[in-house]
Amino acid sequence: MPVKVIGKGTSALKRFIEECTEAGGSPTFVAKYGVQKFTDRVIARCYGASDKVPGGFIVDLPADVVEKIAKRSIDAEWILEELK
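Everything numeric here is computed off the predicted structure, so don't read it as measured data.

Asks: Could you clarify how one ought to interpret the environment of Thr 10 in this entry?
Replies: Assignment of secondary structure puts Thr 10 in helix α1 (residues 9–22). For the pair Thr 10 and Phe 38, spaced 28 residues apart in the sequence, the C-alpha separation amounts to 15 Å. Beyond its immediate chain neighbours, meaning those up to four positions away, Thr 10 contacts Leu 61, Pro 62 and Leu 83.

Asks: Even after reading the chapter, I still don't get the environment of Glu 19, so can you show me in this structure?
Replies: Within the secondary structure, Glu 19 is located in helix α1. Between the C-alpha atoms of Glu 19 and Ile 58, which are 39 residues apart in sequence, the distance is 14 Å.

Asks: What am I meant to see in the sheet that holds strand β2 (residues 26–30) here?
Replies: The strands that make up a sheet pair up through hydrogen bonds in the backbone, lying either parallel or antiparallel. If you walk across this open sheet you meet the four strands as β1-β6-β5-β2, and the pairing is mixed. Looking along the sheet, the strands with just one partner apiece sit at the ends: β1 (5–8) and β2. Here the strands of the sheet are splayed against their neighbours by 30° on average, with no regard to which way each runs. Where β2 meets strand β5 (residues 42–47), five bridges bridge the pair, whose relative direction is antiparallel. Across the sheet, Val 30 pairs through a bridge with Ile 43, a residue of β5. Against the sheet, α1 engages β1, β2, β5 and β6 (56–59), with an angle of about 140° to β2.

Asks: Sorry, what's going on with the state of the cysteines here?
Replies: Two cysteines form a disulfide when their sulfur atoms are joined by a covalent bond. One pass over the full model with this rule turns up one disulfide. The side chain of Cys 20 participates in a disulfide bridge whose partner is Cys 46; the two sulfur atoms lie 2.1 Å from each other. Judged by the sign of its S-S torsion, about 95°, the bond between Cys 20 and Cys 46 is right-handed. Here Cys 20, found in helix α1, pairs with Cys 46, found in strand β5; they are 26 residues apart in sequence, far enough to count as distant. Here Cys 20 and Cys 46 have matching classes, each one buried.

Asks: What's the story with unusual backbone geometry in this structure? I'm lost.
Replies: Across the chain, the bulk of peptide bonds are trans and the bulk of non-glycine residues have phi less than zero. Phi is positive for Asp 60, which is not a glycine, with a value near 60°. Following the sequence through the fold, Asp 60 ends up in the loop between β6 and α2 (63–71).

Asks: Mind showing me how you'd approach the packing of aromatic side chains here?
Replies: Given two aromatic rings, their pairing is described by the distance between the two centres and the angle made by the two planes. Overall, the coordinates contain two aromatic pairs when judged by the stated rule. With centroids separated by 5.9 Å and ring planes inclined at 65°, the aromatic side chains of Phe 16 and Phe 29 adopt a geometry described as edge-to-face. In this pair, Phe 16 sits in helix α1 while Phe 29 sits in strand β2, placing the two residues 13 residues apart along the sequence. A single burial state applies to Phe 16 and to Phe 29, both of which are buried. For the pair Phe 38 and Phe 57, a centre-to-centre distance of 5.4 Å together with 85° between the ring planes defines the contact as edge-to-face. A residue pair is termed long-range when its members are at least 10 positions apart, and Phe 38 in the loop between β4 (36–37) and β5 and Phe 57 in strand β6 qualify at 19 residues. In this structure, Phe 38 and Phe 57 share a single accessibility class: buried. Taking the ring centre of Phe 57 as reference, the NZ or CZ of Arg 41 above it sits at 5.1 Å.

About the criteria used
- Residues numbered from 1 in each chain as written.
- Predicted model: local features only at pLDDT ≥ 70, side-chain atom pairs only at ≥ 80, totals over all residues.
- Heavy atoms only, no water.
- Helix = DSSP H or I, 4+ residues; strand = E, 2+ residues; numbered from the N terminus.
- Contact = heavy atoms within 4.5 Å.
- Pairing = 2+ DSSP bridges.
- Axes fitted to C-alpha atoms, helices over the stretch in contact; angles between N-to-C directions.
- Disulfide = S-S within 2.5 Å.
- Buried < 20%, exposed > 50% of the residue type's maximum accessible area, 1.4 Å probe, protein only.
- Phe/Tyr/Trp six-rings, centres within 6.5 Å; stacked < 30°, edge-to-face > 60°.
- Lys NZ or Arg CZ within 6 Å of the ring centre and 35° of its normal.

This is the structure:
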């Protein structure tokens with residue numbers, strides 16, 4: 001099943017974190033799938049509230065943001081702080 005694009009840019013990334021958290025979930029991100037490493041996108045998942053906040057690709061992200069997410073995929077709070 002293909003992954004759906006759910007947003008574009010850092011504003012979509014921040015919005016996903018806020019919506020997931022407000023729904024009682026934990027936002028997580030994946031910057032690679034199998035051997036495929038992403039440079040401009042991540043797969044967003046809302047653990048614990050995926051029925052309320054569906055996941056998918058967030059595209060058109062700066063490469064440095066994707067690289068940082070690859071290293072800190074579980075910790076979404078830093079994203080909100082860094083992208084203010």
